[in-house]
2 protein chains.
Amino acid sequence: MRLSMAGEYAVRCMLYLSAQGEGTVASRREVAQAMGIPEQFLAKIAQQLSRAGVLQILQGPRGGYRLPRDPRQLTLLEVVEASAGEIFLNDCVIKPGCCRRAEHCSVHNVWQKARTQLRDTLRKATFASLLRQESCLLAHPRRLREKHPGIVGKNL
Amino acid sequence: MRLSMAGEYAVRCMLYLSAQGEGTVASRREVAQAMGIPEQFLAKIAQQLSRAGVLQILQGPRGGYRLPRDPRQLTLLEVVEASAGEIFLNDCVIKPGCCRRAEHCSVHNVWQKARTQLRDTLRKATFASLLRQESCLLAHPRRLREKHPGIVGKNL
């Protein structure tokens with residue numbers, strides 16, 4: 001029970017774009033190198049994120065990716081579900097009729113509750129709040145930038 | 001992000017044994033048929049549950065499976081983790097050093113919080129409480145037994 005690599009990379013990509021700010025274009029190579037994402041995999045993930053409306057793809061030599069909205073309006077839940085699919089923990093929660101126990105199953109209620117809690121926690125985490133926490137942690141951004149080149153967004 | 005079939009079947013198996021009561025032996029065939037679990041798969045899952053100490057395997061012609069403790073002392077968390085592995089949502093939560101962002105990553109904290117909530121919810125669900133809820137739902141146990149033969153434990 002864990003997040004797929006696609007989900008992990010999607011979160012990193014959106015964290016980087018959020019750090020650049022709404023509307024700033026970053027090339028695929030730049031995002032991939034900064035966040036340690038295989039470039040071809042990133043291309044695939046960006047398509048999914050674009051379809052979900054959380055990332056814009058710009059074609060052409062000066063193209064790349066950009067955040068189409070304020071990072072305060074973008075949540076971890078949206079990015080995780082856009083890239084790794086809907087969170088449901090157990091089939092019975094979103095597929096009525098998949099289990100013959102459904103009619104009288106007490107475990108179903110526990111999964112339902114756990115899913116609601118998990119989604120609420122991820123919904124509360126906006127990318128703006130995540131970035132704020134990262135910049136609080138970064139007491140010495142220059143030193144960190146030297147240690148992990150490119151890992152910190154330009155605007156941090 | 002969902003429970004494996006092994007986890008799902010393990011929960012069903014333990015629910016059935018809990019309904020029989022602590023120490024009552026049920027054959028593998030009985031459990032498999034009652035809960036819709038492929039018998040060979042159940043044999044494998046029972047080995048895992050046995051190693052984790054939540055199920056006892058009795059060999060011989062009158063052998064089978066039994067619950068070695070009070071269902072009030074058995075939690076959904078134990079059964080899920082015994083069969084499907086530790087719940088961690090994202091690698092970084094239990095594998096320090098697996099991600100170069102770990103030092104200053106704000107998303108890590110969200111995964112950590114989500115994991116704690118999820119595990120707490122599953123820990124609070126004892127098999128005794130699950131059975132109580134099922135028996136409340138079963139307003140007409142005889143009718144339900146006829147509709148789904150074997151699905152309701154003998155003691156319900």
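Computed from a predicted model, the values in this text were never measured in an experiment. (Residues numbered from 1 in each chain as written. Chains lettered and ligands numbered in written order. Predicted model: local features only at pLDDT ≥ 70, side-chain atom pairs only at ≥ 80, totals over all residues.)

A. Quick peek at the overall build of chain A. Each helix and strand counted, chain A has eight helices and two strands in total. When the helices and strands of chain A are listed from N to C terminus, the series reads α-α-α-β-β-α-α-α-α-α. Residues counted as buried form 40% of the 156 residues belonging to chain A. Excluding contacts between residues fewer than 6 apart, the proportion of contacts in chain A whose partners are at least 24 apart in sequence is 64%. (Helix = DSSP H or I, 4+ residues; strand = E, 2+ residues; numbered from the N terminus. Buried ≥ 20, exposed ≤ 12 C-beta atoms within 10 Å, placed from the backbone. Contact = placed C-beta atoms within 7 Å.)

B. Layout of the confidence of the model for chain A. Residues and elements named next belong to chain A. Confidence in the prediction for chain A averages 84 pLDDT; 77% of positions are at 70 or higher. Per-residue pLDDT stays below 50 along residues 151–156; that stretch engages in 17 contacts with residues further than four places along the chain or on separate chains. In the predicted complex, the global pTM is 0.79; the interface-specific ipTM is 0.78. (pLDDT = per-residue confidence, 0-100.)

C. Just the nonpolar core, in detail. Ranked by internal contacts, the top residues of the largest apolar core, which has 86 residues, are Cys 13, Met 14 and Val 31 of chain A together with Cys 13, Met 14 and Val 31 of chain B. Discounting residues that sit within four places of it in the chain, Cys 13 of chain A has contacts with Val 31, Met 35, Ile 37, Leu 42 and Ile 45 of chain A. (Core = buried A, V, L, I, M, F, W, Y, C linked by C-beta atoms within 7 Å.)

D. Representation of helix H3 (residues 39–51) of chain A within the structure. Residues and elements named next belong to chain A. With 13 residues, H3 extends 19 Å between its outermost C-alpha atoms, agreeing within 8% with the 18 Å of an ideal straight helix rising 1.5 Å per residue. Turning to H3, its buried residues are Leu 42, Ile 45, Ala 46 and Leu 49. All buried residues of H3 lie within an arc of 110° about the axis, which places them on one face of the element. Exposed and oriented more than 90 degrees from the buried face of H3 are Gln 40, Lys 44, Gln 47 and Arg 51. Packing partners of the buried residues in H3 comprise helix H1 (5–20), helix H2 (28–35), strand E1 (56–58), strand E2 (64–66) and helix H4 (76–84). Positive backbone phi, approximately 80°, marks Gly 53, located one or two places after H3. (Expected span 1.5 Å × (residues − 1). Arc of directions from axis to C-beta.)

E. Focus on the packing of H1 of chain A against H4 of chain A. Residue and element names in this part refer to chain A. Between H1 and H4, whose axes approach to 8 Å, the crossing angle comes to 135°. What the angle tells us is that H1 and H4 run oblique. Relative to H4, H1 is oriented so that their crossing is right-handed. Contacts between H1 and H4 involve Ala 6, Gly 7, Ala 10, Val 11 and Met 14 on the former and, on the latter, Leu 76, Val 79, Val 80, Ala 82, Ser 83 and Ala 84. Residues belonging to the contact of H1 with H4 are distributed by class as follows: nine nonpolar, two polar and no charged. (Axes fitted to C-alpha atoms, helices over the stretch in contact; angles between N-to-C directions. Parallel < 35°, antiparallel > 145°, perpendicular 65-115°, else oblique. Left-handed = near helix turned anticlockwise from the far one by under 90°. Nonpolar A, V, L, I, M, F, W, Y, C, P; charged D, E, K, R; others polar.)

F. Region of the structure containing helix H4 (residues 76–84) of chain B. For H4 of chain B, the buried fraction is high: eight of the nine residues fall into the buried class. Within H4 of chain B, burial applies to Leu 76, Glu 78, Val 79, Val 80, Glu 81, Ala 82, Ser 83 and Ala 84 of chain B. Those residues of H4 of chain B hidden inside the fold are in contact with helix H6 (106–124) of chain A together with helix H1 (5–20), helix H3 (39–51) and helix H6 (106–124) of chain B. Among the residues trailing H4 of chain B, Gly 85 of chain B stands out with phi positive, at a value near 90°.

G. Molecular detail of the environment of Arg 69 of chain B. All names here are of chain B. Mapping Arg 69 onto the fold places it in the loop between strand E2 (64–66) and H4. In this structure Arg 69 comes out as partly exposed when scored by C-beta crowding, with 15 C-beta atoms within 10 Å. Between the C-alpha atom of Arg 69 and that of Gly 21, which follows or precedes it by 48 residues, the distance is 8.8 Å. Every residue in contact with Arg 69, bar those within four places of it in the chain, is listed here: Glu 22 and Leu 74.

H. Inspection of the packing of H1 of chain B against H3 of chain B at higher detail. All names here are of chain B. One way to put it is that H1 packs onto H3 with a least axis distance of 10 Å and a crossing angle of 80°. With respect to H3, the axis of H1 lies roughly perpendicular. Along the contact surface, H1 presents Ala 6, Tyr 9, Ala 10 and Cys 13, while H3 presents Phe 41, Leu 42, Ile 45 and Leu 49. Broken down by class, the residue content of the contact of H1 with H3 amounts to eight nonpolar, no polar and no charged.

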